[in-house]
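Coordinate analysis (summary)
In case you want the letters, here they are:
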Amino acid sequence: MAGFADNYDMKSLNLSQNWVVLAPGDDASAYAAAEISRIFGLLRRKAGLYSGDIPVESAVSAPDGPAAAIILNAGAERARNGYSWRAAPERVEIFGASGRGLVNGAYRFLGALGVRWPEPGVEILPDPGADGVYALTESGAHQPSEPDSAKWRRLVIGRETPLADRMHILHWGIRSGADALILPLEETPPLFAAISGAFRRNGELLREEAERAALSVEAGGWDLTLLIGHRVFAPKELFRMEGGRRLKTFNFCPTSPAAIARIKRGAERVFAAARDVTVFHLWPDRDAEDTWCSCPTCRAFSRREQNRIAVRAAADVLARINPAARVSYFEYVPGNGAAVTGNVVPENTDDETGAVSVRSNMFGIGPLERFFPGTRLLFGGA
Ligand SMILES: [Zn+2]
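The paragraphs below set out a description of the structure included in this document.

What counts, and where the lines are drawn
Residues numbered from 1 in each chain as written. Predicted model: local features only at pLDDT ≥ 70, side-chain atom pairs only at ≥ 80, totals over all residues. Helix = DSSP H or I, 4+ residues; strand = E, 2+ residues; numbered from the N terminus. Contact = placed C-beta atoms within 7 Å. Expected span 1.5 Å × (residues − 1). Buried ≥ 20, exposed ≤ 12 C-beta atoms within 10 Å, placed from the backbone. Arc of directions from axis to C-beta. Pairing = 2+ DSSP bridges. Axes fitted to C-alpha atoms, helices over the stretch in contact; angles between N-to-C directions. Parallel < 35°, antiparallel > 145°, perpendicular 65-115°, else oblique. Left-handed = near helix turned anticlockwise from the far one by under 90°. Nonpolar A, V, L, I, M, F, W, Y, C, P; charged D, E, K, R; others polar. Core = buried A, V, L, I, M, F, W, Y, C linked by C-beta atoms within 7 Å. Domains from an automatic or database assignment.

1. Quick word on the overall build of the chain
Per the secondary structure count, the chain includes seven helices and 17 strands. When contacts within the chain are restricted to residue pairs at least 6 apart in sequence, those whose partners lie at least 24 apart make up 66%.

Take a look at the structure:
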């Protein structure tokens, strides 16, 4: 480390040197090391140097000899996502407060080399300078951890998103600093309900990949109505009223005892089956989040209150079955409800029912939504 502080103000990195990645060997550091190795291989090839990924070695200190080293280290605080990195000649150090932080730091470093991932499935490499030298846009960075998991970035993969796109979306989310992956309820192991083997395998692959990159895996999405179960033989009073008629489309009548009884039964089944899930996202139907009931009983409640009546019914069950887990809910804030991307701004409610303590703030992924329906990058929400 002698002289490191004097030399860290780097403007470029020479990839023609004999680089090696030193990783302690846990999943997340192996993930980060493999990505750095792969990208360095691509950058070398683009610079006309010998191709091939750079070696990854399981070690925590710099090697003897001429090799230039990228040294990875991670702290053990699983919920921390912060990192630091800095570059000196022949030495890059990346430290994560956790495995998740380390992966974030690795992508920040690769981003400083000019690598970009503007959308799922797309990776843009920078142009090299002479002799395999690549410019650095920064020589280091420090990003503190976000201790409040309610402010994490969450990647929502909608059930309509084609299987073939999902791994690309997950990789894009990991590279964009997502802290958690949200899978639809019925695709979350071990909840697998009546879904095909292809979805089941895909759900398992996504979950494994997310966990390798140290993301948390959470369950749900626009799945509140799913707890009600089959609607075909359901009693009519369970359905949402509009213009004096009961409609089966969108959400339900939250003051109907039949609806609440079904929510509680559905919640019990789901929560008991998935005890390792720490956050369940139970939002109203997508693109109808603010479409609730106008029956004589419900008319006494705002749409926001109606949503909360239903969410609380589920949260009460969760508080009994798995007190450490939480329910994330979704609600519009007056004046913002017409936002086309389904934006919700922080509501900052401290709910008195215990299991619910959620502020949802969600942003669409812009034009990408057209291609990946139901897919969102969510900032906060649990
Ligand atoms: Zn009603």
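Right, picking up where we left off after that structure.
2. Let's talk about helix α5 (residues 197-212)
An ideal rise of 1.5 Å per residue puts 22 Å on 16 residues; α5 measures up with 22 Å between its terminal C-alpha atoms. Turning to α5, its buried residues are N202, G203, L206 and A210. Buried positions in α5, seen along its axis, are confined to an arc of 100 degrees and lie on one side of it. Exposed residues lying more than 90 degrees from the buried face of α5 are G197 and R201. Those residues of α5 that are buried lie in contact with α4 (163-175), β10 (180-183) and β11 (216-221). Looking at the residues trailing α5, positive phi occurs at A214, about 70 degrees.

3. Examining the sheet that holds strand β5 (residues 83-88)
An order of β3-β2-β4-β6-β5-β8 is seen for the six strands of this open sheet, with the pairing classed as mixed. Looking at which strands have only one partner, the edges of the open sheet turn out to be β3 (56-58) and β8 (140-143). Each strand axis lies, on average, 15 degrees off the axis of its neighbour in the sheet, ignoring direction. Bridge analysis of β5 against strand β6 (residues 91-96) gives six bridges, and the strand direction is antiparallel. Bridge assignment links S84 to a residue of β6, and that residue is F95. Sheet strands touched by helix α2 (residues 27-46): β2 (19-23), β3 and β4 (68-74). Its angle to β2, the strand with the most contacts, is close to 170 degrees. Contacts from helix α3 (residues 99-112) reach β4, β5, β6 and β8 within the one sheet, and its direction differs from that of β6 by about 145 degrees.

4. Points about the pairing of β5
Hairpin geometry of β5 and β6 is characterised by an intervening segment of two residues between the two adjacent antiparallel strands and by a positive phi of about 65 degrees at E90. Summarising the sheet, β5 and β8 pair through four bridges and their orientation is antiparallel. Counted as the bridge partner of R86 is G140 from β8.

5. Brief notes about the packing of α2 against α3
One can describe the packing of α2 onto α3 by two numbers: an axis separation of 8 Å at closest approach and a directional angle of 10 degrees. In terms of orientation, α2 lies roughly parallel with respect to α3. Seen from above, α2 lies across α3 with right-handed handedness. Contacts from D27, A28, S29, Y31, A32, E35, I36 and I39 in α2 reach G99, R100, L102, V103, A106 and L110 in α3. For the contact of α2 with α3, the per-class residue count stands at nine nonpolar, two polar and three charged.

6. Quick word on the pairing of β11
Where burial is concerned, most of β11 is hidden: six out of the six residues are buried. Pairing of β10 with β11 involves four bridges; the strand directions are parallel. Paired with I182 across the bridge in β11 is E218. Alignment of β11 against strand β14 (residues 279-282), held across three bridges, turns out to be parallel.

7. Description of the nonpolar core
Counting 92 residues, the largest nonpolar core has V21, L72, V103, L181 and A314 as the members making the most contacts within it. For this core, the element with the most residues is α2, which contributes eight residues. Residues from two domains meet in this core; each of domain 1 (4-143) and domain 2 (149-379) gives at least three. Dropping the residues within four chain positions of it, A314 is found in contact with L227, I263, A267, L282 and V327.

8. Overview of unusual backbone geometry
Look at E90: it is not a glycine, yet its phi comes out positive at around 65 degrees. Mapped onto the fold, E90 is located in the loop between β5 and β6. For A214, which is not glycine, the phi torsion reads 70 degrees and is therefore positive. Among the structural elements, A214 can be located in the loop between α5 and β11.

9. Focus: the environment of R320
Within the element layout of this structure, R320 appears in helix α7 (residues 303-321). R320 sits 49 residues away from F271 along the chain, and the two C-alpha atoms are 9.9 Å apart.

10. Some remarks on α7
For an α-helix, 3.6 residues make a turn, and residues three or four places apart therefore share a direction. Its 19 residues place the ends of α7 28 Å apart at the C-alpha level, agreeing with the 27 Å of an ideal helix rising 1.5 Å per residue. When we look at burial in α7, the residues that qualify are R303, Q306, N307, R308, A310, V311, R312, A313, A314, A315, V317 and L318. Tucked into the core, α7 has its buried residues touching α6 (257-273), β14 and β15 (326-328).

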